[in-house]
Amino acid sequence: MSEVSLKGWHAEEIRFINKVKPGTRIQLEHKFQYNVKYAGNNLCQCELTLDAQHKESPDMFGIHAVIIGLFSYKEGTAKENIHIQTYKELFPFARAMLSGVTVNAGIPPIIFPMAEIEKQNIIRFDMNGFKGDKE
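Calculation notes
Residues numbered from 1 in each chain as written. Predicted model: local features only at pLDDT ≥ 70, side-chain atom pairs only at ≥ 80, totals over all residues. Heavy atoms only, no water. Helix = DSSP H or I, 4+ residues; strand = E, 2+ residues; numbered from the N terminus. Expected span 1.5 Å × (residues − 1). Bend = angle between axes of the 7 residues up to and from the residue. Buried < 20%, exposed > 50% of the residue type's maximum accessible area, 1.4 Å probe, protein only. Contact = heavy atoms within 4.5 Å. Pairing = 2+ DSSP bridges. Salt bridge = Lys/Arg side-chain N within 4 Å of Asp/Glu carboxyl O.

### Concerning helix α1 (residues 79-104)
- Helix length check: α1, at 26 residues, gives a terminal C-alpha distance of 37 Å against a target of 38 Å (1.5 Å per residue), a fit within 8%.
- Roughly 30° is the biggest bend found in α1, and it falls at Leu-90, with proline Pro-92 one to four residues downstream.
- Those residues of α1 not exposed but buried are Ile-82, His-83, Ile-84, Thr-86, Tyr-87, Leu-90, Phe-91, Ala-94, Met-97, Leu-98, Ser-99 and Thr-102.
- On its buried side, α1 packs onto β1 (4-18), β2 (28-38), β3 (43-54) and β4 (61-73).
- Positioned one or two residues after α1, Gly-106 has a phi angle of 90°, which is positive.

As structure tokens, this is what we get:
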């Protein structure tokens with residue numbers, strides 16, 4: 001049984017630019033960013049940002065999306081595990097949605113590669129007691 005449970009997700013932002021002439025081959029550069037914000041009651045909100053753009057001419061072709069997921073998690077689950085597990089559950093929805101956007105735009109689907117998040121550095125910021133600028 002998973003330590004996290006997806007409660008729902010939605011696309012907060014989608015941008016798609018396709019000014020490339022039909023039949024043109026392009027080289028895509030993929031990027032991602034993933035953040036988890038913790039609320040109370042064992043809930044967290046996750047934000048997945050995905051970008052793919054033409055390496056040589058990003059103003060000619062690109063797709064950008066910000067996907068938000070709401071998860072619950074078991075008490076005592078390590079935050080690093082929550083980060084990894086929520087990414088693995090949210091990513092397939094984002095990938096399918098963006099593939100659908102490109103197919104419905106009349107071009108071959110863009111399939112975002114899943115990042116090996118276990119190999120990424122997970123930077124953890126605990127904001128307890130944060131007061132901003134020093135007095």
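### What about unusual backbone geometry?
- A positive phi angle, close to 55°, is found at Asn-41, a residue other than glycine.
- Following the sequence through the fold, Asn-41 ends up in the loop between β2 and β3.
- On the accessibility criterion, Asn-41 (74% relative accessible area) is exposed.
- Despite not being glycine, Asn-42 shows a phi value in the positive range, around 55°.

### Thoughts on the pairing of β3
- Across 11 bridges, the pairing between β2 and β3 is antiparallel. Looking across to β3, one finds that His-30 is bridged to Ala-52.
- As paired elements, β3 and β4 share 11 bridges and run antiparallel to each other. When the sheet's bridge partners are listed, Ala-52 is paired in β4 with Ile-63.
- Between β3 and β4, which pair antiparallel in sequence order, lie six residues.

### A few points about the pattern of salt bridges
- This structure, assessed with the given rule, holds one salt bridge.
- Among the salt bridges present, the one from Arg-15 reaches Glu-13, with a minimum N-O distance of 3.0 Å.
- On the basis of relative accessibility, which here comes to 31%, the residue Glu-13 falls in the partly exposed class.

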